Amino acid sequence: MKYKFFKNTEKWYVYYIIFLFLIEAVVKVSLYVFEHDDVNFLFPYYVSGELLLLASLFIKKSNLSYYFYIPVVLLVGYFFIDSKIETNDIKKVVSNIVVICFAGYALLTEIKNNNINNRFILADSLIFLYYAVSVFVFFLLRQMENFSKGEMFLIWNINNILCCFLYISIIYTFLKLKK
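For every chain, the first residue of its written sequence is number 1, and the numbers climb from 1 along that sequence. It should be noted that, the model being predicted, local features are given only for residues of pLDDT at least 70 and side-chain atom pairs only at 80 or more, the latter also being counted only at that level, while totals for whole chains, interfaces and linings use all residues. Excluded from the side-chain calculations are hydrogens and water; all other atoms, namely the structure's heavy atoms, are used.

Asks: What should I look at first to understand the side chain of Glu50 in this one?
Replies: If you trace the backbone, Glu50 turns up in helix α2 (residues 43-61). Note on contacts: a residue pair is in contact if any heavy atoms of the two residues lie within 4.5 Å. Residues within four places of Glu50 in sequence aside, it is in contact with Tyr16, Phe19, Leu20, Lys92, Asn96 and Tyr131. Only DSSP runs of H or I with at least four residues qualify as helices, and only runs of E with at least two residues qualify as strands; both kinds are numbered from the N terminus onward.

Asks: What am I meant to see in α2 here?
Replies: In an α-helix there are 3.6 residues to a turn, and that puts residues three or four apart on one side. Residue count minus one, scaled by 1.5 Å, sets the expected span of a helix. Taking 1.5 Å of rise per residue, the 19 residues of α2 would be expected to cover 27 Å, and the 27 Å separating its terminal C-alpha atoms lies within 8% of that figure. Downstream of α2 by a residue or two, Asn63 has a phi angle that is positive, lying close to 55 degrees.

Asks: I would appreciate a short explanation of the packing of aromatic side chains in the present structure.
Replies: Within a pair of aromatic rings, the relevant descriptors are the distance that separates the centres and the angle that separates the planes. In this scheme Phe, Tyr and Trp rings, the latter by its six-membered ring, pair at centre separations within 6.5 Å, and the angle between planes marks the pair as stacked below 30 degrees, edge-to-face above 60, and tilted otherwise. Per the counting criterion, the structure on display carries three aromatic pairs. Taken together, a centroid distance of 5.9 Å and an interplanar angle of 20 degrees make the contact between Tyr66 and Tyr69 stacked. Owing to a relative accessible area of 16%, Tyr69 belongs among the buried residues under this scheme. With 5.0 Å between their ring centres and 80 degrees between their planes, Tyr130 and Tyr131 make a pair best called edge-to-face. Each residue is assigned to one of three classes by its accessible area relative to the maximum for its type, calculated with a 1.4 Å probe on protein chains only: buried under 20%, partly exposed between the two thresholds, exposed over 50%.

Asks: Just to check I follow, could you spell out the nonpolar core for this structure?
Replies: Most often, soluble globular proteins keep nonpolar side chains buried together rather than apart. Among the nonpolar cores identified, the biggest contains 44 residues, and Phe58, Ile127 and Tyr131 are the most heavily contacted of them. Among the secondary structure elements, those contributing two or more residues to this core are α1 (11-33), α2, α3 (69-81), α4 (88-112), α5 (121-141) and α6 (149-178). If one sorts the elements of this core by residue count, α2 sits on top with 10 residues. Contact partners of Phe58, with chain neighbours within four places excluded, come to Tyr13, Leu64, Phe102, Ala103, Ala106, Asp124 and Ile127. Put simply, a nonpolar core is a bunch of buried Ala, Val, Leu, Ile, Met, Phe, Trp, Tyr and Cys residues held in one set by side-chain atoms that sit within 4.5 Å of each other.

Asks: Is there a simple way to think about the environment of Ile97 in this case?
Replies: Here Ile97 shows up in helix α4. Taking C-alpha positions, Ile97 is 7.6 Å from Tyr131, a pair spaced 34 residues apart along the chain.

Asks: Can you walk me through α1 in this structure?
Replies: Taking 1.5 Å of rise per residue, the 23 residues of α1 would be expected to cover 33 Å, and the 32 Å separating its terminal C-alpha atoms lies within 8% of that figure. Listed in full, the buried residues belonging to α1 are Trp12, Tyr13, Val14, Tyr16, Phe19, Leu20, Ile23, Val27 and Ser30. Of the residues one or two after α1, Glu35 is the one with positive phi, at around 55 degrees.

Asks: I would appreciate a short explanation of unusual backbone geometry in the present structure.
Replies: Across the chain, the bulk of peptide bonds are trans and the bulk of non-glycine residues have phi less than zero. With a phi angle near 55 degrees, Asn63 is a residue other than glycine that sits in the positive phi range. Looking at where Asn63 falls in the secondary structure, it is placed in the loop between α2 and α3. Owing to a relative accessible area of 69%, Asn63 belongs among the exposed residues under this scheme.

Asks: Help me understand the packing of α1 against α2, please; the structure alone is not making it clear to me.
Replies: Geometry of a packed helix pair, given as the angle between the helix axes and the separation of the axes. For helices, the axis comes from a line fit to the C-alpha atoms of the stretch in contact; other axes are also lines fit to C-alpha atoms, and the angle between any two N-to-C directions lies between 0 and 180 degrees. α2 packs onto α1 with a crossing angle of 170 degrees between their chain directions and a minimal axis gap of 10 Å. Relative to α2, α1 is oriented roughly antiparallel. Here Trp12, Tyr13, Tyr15, Tyr16, Phe19, Leu20 and Ile23 of α1 come into contact with α2, specifically with Tyr45, Tyr46, Gly49, Glu50, Leu53, Leu54, Ser56, Leu57, Phe58, Lys60 and Lys61. Three classes are used, and their members are as follows: Ala, Val, Leu, Ile, Met, Phe, Trp, Tyr, Cys and Pro are nonpolar, Asp, Glu, Lys and Arg are charged, and the others, Gly among them, are polar. Residue composition of the contact of α1 with α2, grouped by class: 13 nonpolar, two polar and three charged. Orientation is classified from the angle alone, with under 35 degrees giving roughly parallel, over 145 giving roughly antiparallel, 65 to 115 giving roughly perpendicular, and any other angle giving oblique.

Asks: Looking at this model, I keep getting lost on the confidence of the model for the protein chain. Mind explaining?
Replies: The predicted coordinates should not be examined in detail at positions where pLDDT is low. Averaged over the protein chain, the pLDDT score is 78; the fraction of residues at 70 or greater is 85%. Model confidence for the protein chain, summarised as mean pLDDT per element, is weakest for α6 at 77 and strongest for α2 at 85. Across the chain, each position has a pLDDT score giving the predictor's confidence in that residue, from 0 to 100.

Asks: For this particular structure, what's the right way to read the environment of Val94?
Replies: Assignment of secondary structure puts Val94 in helix α4. Its relative accessible area of 31% is what places Val94 among the partly exposed residues. C-alpha of Val94 to C-alpha of Leu75: the two residues are 19 residues apart in sequence and 9.1 Å apart in space. Excluding residues within four positions of it along the chain, Val94 makes contact with Leu75 and Phe79.

Below you can see the structure in the form of structure tokens.
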């Protein structure tokens, strides 16, 4: 609850985790309490929020110009305007590619510094890895009809395991900083 030991840019990791928790909670409440069969109405909020939070995190962390917010905000706006279900995969891929670019740039600038003393380099690395693998998973979605059930479960399990590693790395970093 107390995150005074975080720098201003590091507080965005907290916002990111809270956002992911809220999205998961809304999905569960929609499915089990309100008994919705389809929760695709949440997808634009999920993709847009994730993109906006992570782009803001890496723009602030890398000390990039505020002009980088312009294409990100336009992209987020487009995700809300274009409400076709068929384009959700493309939205997620585009969002992930933008996050990969920002995370990759942040990692390269952190590595370029001689003294790597970034407290969130593990989380940044796993953000980069998770979103890069997710892009490939979404490309594989188009081929899933050619896969067996076992191969589909393997692909989704790899994605879920990476997602768990990402969350664990952020929580581990929080706990390590608290000591």
